[in-house]
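Geometric and topological summary
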Amino acid sequence: MHRRLAKRTKFYTLYSYYSNFPALDLIKNEQVKAIIGPVTSTQTSFIINLGNQAQVPIISFSATSPSLTSLRIPYFLQFAQTDSSQVKAISAIVKAFGWRQVVPIYIDTEYGEGIIPYLTDALHEVNARVPYRSVIPSSATDGQILQELAKLMTKETRVFIVDMTTDLSSRLFVKAKEIGMMSKGYVWLTTNDILSKLQSQNSTVIDSMQGVLGVQTFVPPTPELEELKIQLKRHFHTDNPAIGAELDVFGLWAYDAVFAVAMAIEQVIGTPTSFPVHESNAASNSSTDLEGFPVSPYGPKLLTALSTVRFEGIAGHFTVVGGKRNSSNFQIVNVNGGGARTIGFWTLKNGLVNTLNSSPGSSKISGSKFEFGPIRWPGDSLSVPKGWEIPTKGKKLRILVPVKADFTEFVKVAKDPKTNTTVVTGFSIDVFKAAVKLLPYDLPYELIPFAKSDGTSNGSYYQMCYQVYLGNFDAAVGDTTIRADRSLYVDFTMPYSESGVAMVVPVIDFKSKHVLAFLRPWTWDLWLTICFFFVYIGFVVWVLEHRINKEFRGPLSHQVGTSIWFSCSTMVFAHRERVVSNLARFVMIIWLFVVLILTINYTASLSSLYTVEQLQPTVTDIEGLVRSQDNVGCIKDAFSCDLLKQVGFDDSKRKEFETMKEIDEALSKGTAKGGIAAFVHGTPKAKLFLAKYCSKYTLIAPIFKTDGFAFVFPKRSPLVADVSQAILNMIGGEEILNLEKEWLKESSCQDSSDATISSNSRGLGSFWVLFLIAGLTSVLAVVIFVASFIYRHRYVLVQPADSESSTWRKIRALFKIFNEKDLDSHAFRRSNHQQDAVMHSPNNFPGALVHPISDHTDQMNSLFIGEQQTSSIVEVPLDVLLPSNTEVVIAVQEMHRTTSNTAQE
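The rules behind each value
- Residues numbered from 1 in each chain as written.
- Predicted model: local features only at pLDDT ≥ 70, side-chain atom pairs only at ≥ 80, totals over all residues.
- Heavy atoms only, no water.
- Helix = DSSP H or I, 4+ residues; strand = E, 2+ residues; numbered from the N terminus.
- Buried < 20%, exposed > 50% of the residue type's maximum accessible area, 1.4 Å probe, protein only.
- Contact = heavy atoms within 4.5 Å.
- Areas by Shrake-Rupley, 256 points an atom, 1.4 Å probe, with all protein chains shown as cover.
- Pairing = 2+ DSSP bridges.
- Axes fitted to C-alpha atoms, helices over the stretch in contact; angles between N-to-C directions.
- Core = buried A, V, L, I, M, F, W, Y, C linked by side-chain atoms within 4.5 Å.
- Disulfide = S-S within 2.5 Å.
- Parallel < 35°, antiparallel > 145°, perpendicular 65-115°, else oblique.
- Patch = residues over 30% accessible without salt bridge, like charges linked within 9 Å, V, L, I, M, F, W, Y side chains within 5 Å.
- Salt bridge = Lys/Arg side-chain N within 4 Å of Asp/Glu carboxyl O.
- Lys, Arg positive; Asp, Glu negative; His and termini not counted.
- Charge placed at Lys NZ, Arg CZ, Asp CG, Glu CD.
- Expected span 1.5 Å × (residues − 1).
- Phe/Tyr/Trp six-rings, centres within 6.5 Å; stacked < 30°, edge-to-face > 60°.
- Lys NZ or Arg CZ within 6 Å of the ring centre and 35° of its normal.
- pLDDT = per-residue confidence, 0-100.

Right, let's get into the overall build of the chain. Each helix and strand in the chain was counted, giving 31 helices and 27 strands. For the chain, buried positions account for 48% of its 905 residues. Partitioning the intrachain contacts of the chain with sequence separation of at least 6 by distance along the chain shows that 71% fall at a separation of at least 24. On the chain, roughly 45,400 Å² of surface is accessible, and the fraction owed to carbon and sulfur atoms is 55%.

Turning next to the sheet that holds strand E27 (residues 709–714). Judged by pairing direction, the sheet is mixed, and its five strands sit side by side in the order E18-E15-E19-E27-E20 without closing on themselves. Edge positions in the sheet fall to strand E18 (445–449) and strand E20 (490–492), since each has one partner strand and no second. Between one strand axis and the next, the sheet turns by 30° as a mean value, whatever way the strands run. In the packing of helix H15 (residues 461–470) onto the sheet, contacts are made with strand E15 (397–401), strand E19 (475–481), E20 and E27, and the angle to E19 comes to roughly 155°. Packed onto the sheet, helix H24 (residues 719–731) meets E15, E20 and E27 and runs at close to 160° relative to E27.

Once that is clear, we can look at the sheet that holds strand E6 (residues 159–163). With respect to topology, eight strands assemble into an open sheet ordered E5-E4-E6-E7-E8-E12-E13-E14, the strand pairing being mixed. If you trace the sheet from one side to the other, it starts and ends with strand E5 (134–136) and strand E14 (351–353), each paired once. With direction set aside, neighbouring strand axes in the sheet form an average angle of 30°.

Judged by nonpolar contacts, the single largest core of 53 residues is most densely connected at Phe427, Phe679, Phe689, Phe711 and Phe713. If you tally residues by element for this core, the top one is helix H14 (residues 427–437), at seven residues. Counting residues in each nonpolar core, the second largest holds 36 residues, with Trp522, Ile537, Ala584 and Phe818 among its members.

On to the state of the cysteines. Every disulfide links exactly two cysteines, by a covalent bond between their sulfur atoms. Applying the stated criterion across every chain, the model contains one disulfide. The side chain of Cys634 participates in a disulfide bridge whose partner is Cys641; the two sulfur atoms lie 1.9 Å from each other. Where Cys634 bonds to Cys641 through sulfur, the torsion about that S-S bond is close to 100°, and the disulfide is right-handed. The pair formed by Cys634 and Cys641 is uniform in burial state, with each residue classed as buried. Its sulfur unpaired, Cys568 is 7.8 Å from the next cysteine sulfur, which belongs to Cys531. A relative accessible area of 33% means that Cys568 is categorised as partly exposed.

What follows covers the packing of H14 against H24. A pair of packed helices can be characterised by two numbers: the angle between their axes and the separation between those axes. The interhelical angle for the contact between H14 and H24, taken along N-to-C directions, is 105°, at an axis separation of 9 Å. The pairing of H14 with H24 is recorded here as roughly perpendicular in orientation. In this structure, H14 uses Val431, Ala434 and Ala435 to contact H24, whose residues at the interface are Val723, Ala726, Ile727 and Met730.

Here we take up a negative patch on the surface. On the surface, a cluster of negative charge is made up of Asp485, Asp637, Asp642 and Glu656. Assignment of secondary structure puts Glu656 in strand E24 (residues 654–657). Taking relative accessible area as the criterion, Glu656 reaches 42% and is therefore assigned partly exposed.

For helix H12 (residues 249–268), built from 20 residues, the straight-helix expectation of 28 Å at 1.5 Å per residue is met to within 8% by its first-to-last C-alpha distance of 29 Å. In the stretch just after H12, Gly270 is the one whose phi turns positive, near 105°.

Moving on, we get to the packing of aromatic side chains. Per the stated rule, a full pass over the model turns up 39 aromatic pairs. Between Phe534 and Trp591 the ring centres are 5.7 Å apart and the planes differ by 90°, which places this aromatic pair in the edge-to-face class. Separated by 57 residues along the polypeptide, Phe534 in helix H17 (residues 524–545) and Trp591 in helix H19 (residues 582–611) bring together distant segments of the chain. Assessed through its relative accessible area of 11%, Phe534 is described here as buried. Put simply, the rings of Phe410, Phe427, Phe432, Tyr445, Tyr496, Phe709 and Phe711 pair up and form one aromatic cluster. Its end group placed over the ring of Tyr132, Lys155 keeps NZ or CZ at 5.2 Å from the ring centre.

On to the pattern of salt bridges. Counted under the stated rule, the structure contains 17 salt bridges. Note that Asp479 is salt-bridged to Lys404, the shortest N-O span being 2.6 Å. Placement of the pair is Asp479 in strand E19 and Lys404 in the loop between E15 and strand E16 (412–416), with a sequence separation of 75 residues. Given the relative accessible area of 3%, Asp479 is considered buried.

This part covers the confidence of the model for the chain. On average, residues of the chain score 77 in pLDDT, and 75% of them reach the 70 mark or higher. Segment residues 750–759 is flagged for pLDDT under 50; beyond a separation of four residues in sequence, or across chains, it makes 15 contacts in the model.

This is the structure:
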């Protein structure tokens, strides 16, 4: 049933090829239920409006323009793959080979222009740029095609994507071969339409397309497909023996389209016996009248059936999604010999793959490096073209080099008197030559000095870069610093030198000019902090020790002196006083560690100060020069002069020089004598200057950030990436180090980099953590001591208050107790026990009294202060008890008995 109905549908399809108004006639006179066969996108865009008005589905198997789907007309079904479905496959090929610029060549019709937006977006996703487009008129003559191809030959890009009709593309390739554009170095990619009809082309066209890559819709080989091909050949051979019949993918899509319509009609209408049509009220006698269309009653149902039909077709699985046939896989083919050979596949799920087998590990995702099958490139080349070339054969790259009066170690332009030719040498030139040697291809070039007729410089580095931007030159090589304003109109390679801006300033001998050099290891803020902590730690130790340690007792001046002496003597660990409380010991452990670190640092810095030559800069930062309004020097026409202007130097304060000798003289004079206080330039040149005058100047670096020296190319030049890669390879090896030794180390100084000066003084920022720990530790110890003291003497605070002044008396009582000895402490108890044992042993006092007992009456009287101390043992220092002091023993024993009696009463 499907095949009989398909035959009738096929009749109307063929009929649509030969009528002047086929769609209008079929709808009004033949009363068709569906129309198959608008061949081109232009025909389709007109017919689908008629089908939508009559509610007759319009099915196209060959119109591939993506713009047709965007019309969103419900009665139009696109049973051919749209051109937008193949752009992902084309961009995957471009990405796999690393081409960065691609030029599309397309016809100026809706057919050609419809794919361009999708193709451009797909190429941008793989970081490939479309620098320009080549549009060929649909009615172009061979002369017009040659003219357009000749224009493409003058461009750098050598990768072209062709999307046009078969007739026009065949003429394009023939002309391209005639003028040498099918030779080595060129890349040609084609869309599905061109290679699908390759077998129908003559041998001349196929021969001119050798090496072309393209995508083709993949049609899986099946027995049904082979049977159809055999039947088609037999049928055409019978009717037309001289015509060879080969079905391309469009023929297969047409076959599946007819079969899908047959299934839908059978589902909606049934057998094709009668097809009633509702006539409109307005009748028309003309078959081509656009008014009075009959409306098909089966249109909505037939449209639904066509949108849901599913079957295995000749061209693969048939499914309609959103009015379009589902996307198929693509095969990547290479024109080689008499046909196209498959070198890979592309799937929507996995990208580029080697095979379409579904077994695990059989496919390879395109995110990694993909290996195609053997490819024959144009010109019978087996190597992958790089995708660009210097325009016009034999032309050399015209490269500008700067002309300078000094700093010629980087670039030196000289005249050879023997040959009368210009010779360009220098570190920058040698780096560029070494990078070119590392390129995987030959790069012919010539170095052209940026000079006037008299040999002097023709302008600044900005003007040299601008010449490259204008296209007057192809590149600029030299000591050109990467700057943001320059990168707006040119591209830079990776830097090949050290980055940053440095300042060269005069130096003075710090040892001979400063008698207070011993203070230099530490900054003033650190000195003040240390002095404060000496006093503070001494006070903390006094608070914790003076009630229980006799060495911290005595008159006020004695206590203050002892505390400060004790704290300060810890600097050299010469303290003789002992601490007896655990809190004081805890504080001293931390403080002694801090002192140890400070002592080690000071000793090392001071040793360096007096044993190493101390050449200190006269200026340490650019802000100080701005504030003092000193004169500052820079190289003429260099970017550093603009930097000085940006940070606040007036034109009168900025002095421009050309030679190192001029800079040396200006620095020697100083600002007061009309010279300069500092010289500012990029770090490489500043170090080169310092290498020649290292005994007089020093380097302050960096004061600004820059990206170093690099080579200049036009915007989006493909050479930028290749040369940058070569520079990276050089930086990772020994070659660039050898060049630096050859050009940049020719001086009497052993190592100019050692002259770089930074402040040797240590500030508070280097030790603030130590001081913080010591401070917190001491505060914690004092808090614990105060809390314990108040708790022990809480009875003073809990006594009832008679008046407001009693609170003050309580506080004074606490302070009085705080100022007294704590005779209950273990230190005093142990001392008194030792003395008591001595006093009760007469044998220990055989001699006479040497010192009068009145010398220690103050210590004894302290025993009778307060009720809490009346029962205490008398403290008599053992050092006053001599062997002959028998009178002292009697006196002390008598006093002890008196004290005991008083305590009992």
